[in-house]
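# Examining the three-dimensional arrangement
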Amino acid sequence: MLFKFLKSSDVKTCEITPEKTYMNRRIFMQDSARIGAGAASLAAFGGGLIGASPAMAAGRKLENITRSGRYDTDERQTSYKAVTSYNNFYEFGTGKEDPARYAHRLNVRPWTVKVDGHVDHPGDYDLDDLIRPHALEERIYRMRCVEAWSMVIPWVGIPLSDMIKRLSPTSKAKYIRFETLVDKKQMPGQKRRVIDWPYAEGLRMDEAMNPLTLMAVGLYGETLPNQNGAPLRLVVPWKYGFKGIKSIVRISFVSRKPNTSWQGLAAHEYGFYANVNPAVDHPRWTQANERRIGEFRRRDTLMFNGYGDEVAHMYAGMNLKKYY
Ligand SMILES: Nc1nc2c(c(=O)[nH]1)N[C@H]1C(S)=C(S)[C@@H](COP(=O)(O)O)O[C@H]1N2
Ligand SMILES: [Mo]
């Protein structure tokens, strides 16, 4: 493979992209230009931008990140060390330290994402064609795991809505489903059937389109470390952490509520919505409070993890004890 023997800066996107993908991308670019959302994306493929490509190896600085601050929390950020060494990523083992220890085995470039289902532009996309480098934003979000610990993480990514608009789902698309890579060689944790691989997650379409929902490619201004879900992962800050599926290889637009991995494991413990809710306990422990990693005292958990102003309207009239 050509790119192995060249510095990444010497390789043009078209040389590391399979021909079929390349053709798909061309169609995608034309169409996105037509709908008016693709100007930056067209410019981006003029060349030279590969150095800022989100598909690069972990820990590469990302350029030209926008920071509006609009959705940022000003709480103290969890240390880079903690964010990248205390993880859940069962594909690499169920221990919190396993992902940092084993995730280097994952090769994150080139990276292809299959888009299918009820959508105008299905196809196999190179990661760089889904993420417009010029659209990258930093968002400092509170994150709350179902295990009752929390962190504050400066993510880098694009709003999922931006990607969805360019892919153009049809009116039949009511939900979006995501899937993680399956590869026992790269992901040794998959030798055990702790989960019915692939790891899968989903959102209702309005949740996916909510401005808070991010497709992340980085954190702390750099490309994602593998243990955090490189090269592409979901970030949904008002839901429990398990909704934030990592290392995504497939995005499907579907008409019915998709089954998710955690529901499959224990449906009475993990629901489809998984909204952070201090009033609805997990059957085996309270969700009323949490431990912020790096702190000792417990703090109260906030409804929707503190993002109610942005998201509560989507659940108006729903019984959140039933739809947990
Ligand atoms: N593919 C995949 N995605 C996953 C998981 C996983 O095991 N596999 N764990 C989830 C859980 S339970 C949490 S809390 C978050 C943790 O993300 P972080 O390690 O970046 O903090 O990732 C989520 N995404
Ligand atoms: Mo979690």
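The structure reproduced in this document is the subject of the present report. (Residues numbered from 1 in each chain as written. Chains lettered and ligands numbered in written order. Predicted model: local features only at pLDDT ≥ 70, side-chain atom pairs only at ≥ 80, totals over all residues. Heavy atoms only, no water.)

Take the overall build of the protein chain next. Across its full length, the protein chain carries nine helices and twelve strands. The proportion of buried residues among the 324 residues of the protein chain is 57%. A fraction of 72% describes how many contacts in the protein chain between residues 6 or more apart in sequence connect residues 24 or more apart. Surface accessibility of the protein chain: about 14500 Å² in total, with carbon and sulfur atoms responsible for 51%. (Helix = DSSP H or I, 4+ residues; strand = E, 2+ residues; numbered from the N terminus. Buried < 20%, exposed > 50% of the residue type's maximum accessible area, 1.4 Å probe, protein only. Contact = heavy atoms within 4.5 Å. Areas by Shrake-Rupley, 256 points an atom, 1.4 Å probe, with all protein chains shown as cover.)

So, on to the nonpolar core. W155, F178, M215 and F253 are the most contacted members of the largest nonpolar core, which totals 82 residues. Looking at this core element by element, the count peaks at six residues for strand β4 (residues 149-159). Apart from the residues within four sequence positions on either side, F178 is in contact with L160, Y199, A200, E201, L203, M215, L234, I245, I248, R250 and I251. (Core = buried A, V, L, I, M, F, W, Y, C linked by side-chain atoms within 4.5 Å.)

Note on strand geometry: in a regular strand, side chains alternate between the two faces of the sheet. A large share of strand β7 (residues 214-219) lies buried, amounting to six of its six residues. Judged from the three bridges that link them, β7 and strand β9 (residues 233-235) form a sheet pairing that is antiparallel. Each bridged residue has a counterpart across the sheet, and for L214 the counterpart in β9 is V235. Bridge analysis of β7 against strand β8 (residues 222-223) gives two bridges, and the strand direction is antiparallel. Each bridged residue has a counterpart across the sheet, and for G218 the counterpart in β8 is T223. (Pairing = 2+ DSSP bridges.)

Bringing the side chain of N305 into the picture now. Relative to the helices and strands, N305 resides in the loop between β12 (298-300) and α9 (308-311). Apart from residues lying up to four places away in sequence, N305 is in contact with R142, M143, R144, P237, W238 and V276.

In spatial order, the strands read β2-β1-β10-β5-β6; together these five strands make up an open sheet with mixed pairing. Only two strands of the sheet have a single neighbouring strand rather than two, namely β2 (123-126) and β6 (200-204). Between one strand axis and the next, the sheet turns through 20° on average, direction left out of account. On the sheet, helix α6 (residues 160-167) packs against β1 (112-117), β2, β5 (175-180), β6 and β10 (248-254) and is oriented at approximately 65° with respect to β10. (Axes fitted to C-alpha atoms, helices over the stretch in contact; angles between N-to-C directions.)

In this section: the site of ligand 1. Close to ligand 1 lie 15 residues, the nearest being N87, Y90, E91, G244 and K246. Take N88: an N or O atom from its main chain is 3.2 Å from a nitrogen atom of ligand 1. Here R233 contributes a side-chain N or O atom positioned 2.9 Å from an oxygen atom of ligand 1. Here ligand 1, which alone exposes 530 Å², has 96% of that area covered by the protein. The residue makeup of the shell around ligand 1, split by class, is six nonpolar, six polar and three charged. (Near = heavy atom within 4 Å. Polar contact = N/O pair within 3.5 Å; in protein donor to acceptor, adjacent residues only side chain to side chain. Nonpolar A, V, L, I, M, F, W, Y, C, P; charged D, E, K, R; others polar.)

A separate point is the pairing of β5. Most of β5 is tucked away, with six of its six residues classed as buried. The alternating pattern of β5 places Y175, R177 and E179 and I176, F178 and T180 on opposite faces, both of which are buried. In this structure, β5 lies alongside β6, joined through five bridges in antiparallel fashion. Among the inter-strand pairings, F178 is bridged to a residue of β6, identified as E201. In terms of strand pairing, β5 meets β10 through six bridges, oriented antiparallel. Bridge assignment links I176 to a residue of β10, and that residue is F253.

The next subject is the packing of aromatic side chains. In this structure the tally under the stated criterion is 13 aromatic pairs. Three or more aromatic residues link up through ring pairs in this structure, and these residues are Y175, F272, Y273, F304, Y315 and Y323. The cationic tip of R142 hangs over the ring face of Y307; the distance from NZ or CZ to the ring centre is 4.8 Å. (Phe/Tyr/Trp six-rings, centres within 6.5 Å; stacked < 30°, edge-to-face > 60°. Lys NZ or Arg CZ within 6 Å of the ring centre and 35° of its normal.)

A few words on the layout of surface pockets. Computed from the structure, the largest pocket encloses a volume of approximately 530 Å³. Around the largest pocket sit 29 residues that line it, and N88, C145, W149, G241 and F242 are the ones nearest its centre. Every element with two or more residues in the lining of the largest pocket is listed here: β3 (137-144) and β4. Here the lining of the largest pocket gets four residues from one element, more than from any other, and that element is β4. (1 Å grid on protein atoms, 1.4 Å probe; cavity = no way out; pocket = protein on both sides within 12 Å on 5 of 7 lines; lining within 4 Å. Points joined across faces, edges and corners; volume = space filled by probe spheres on them.)

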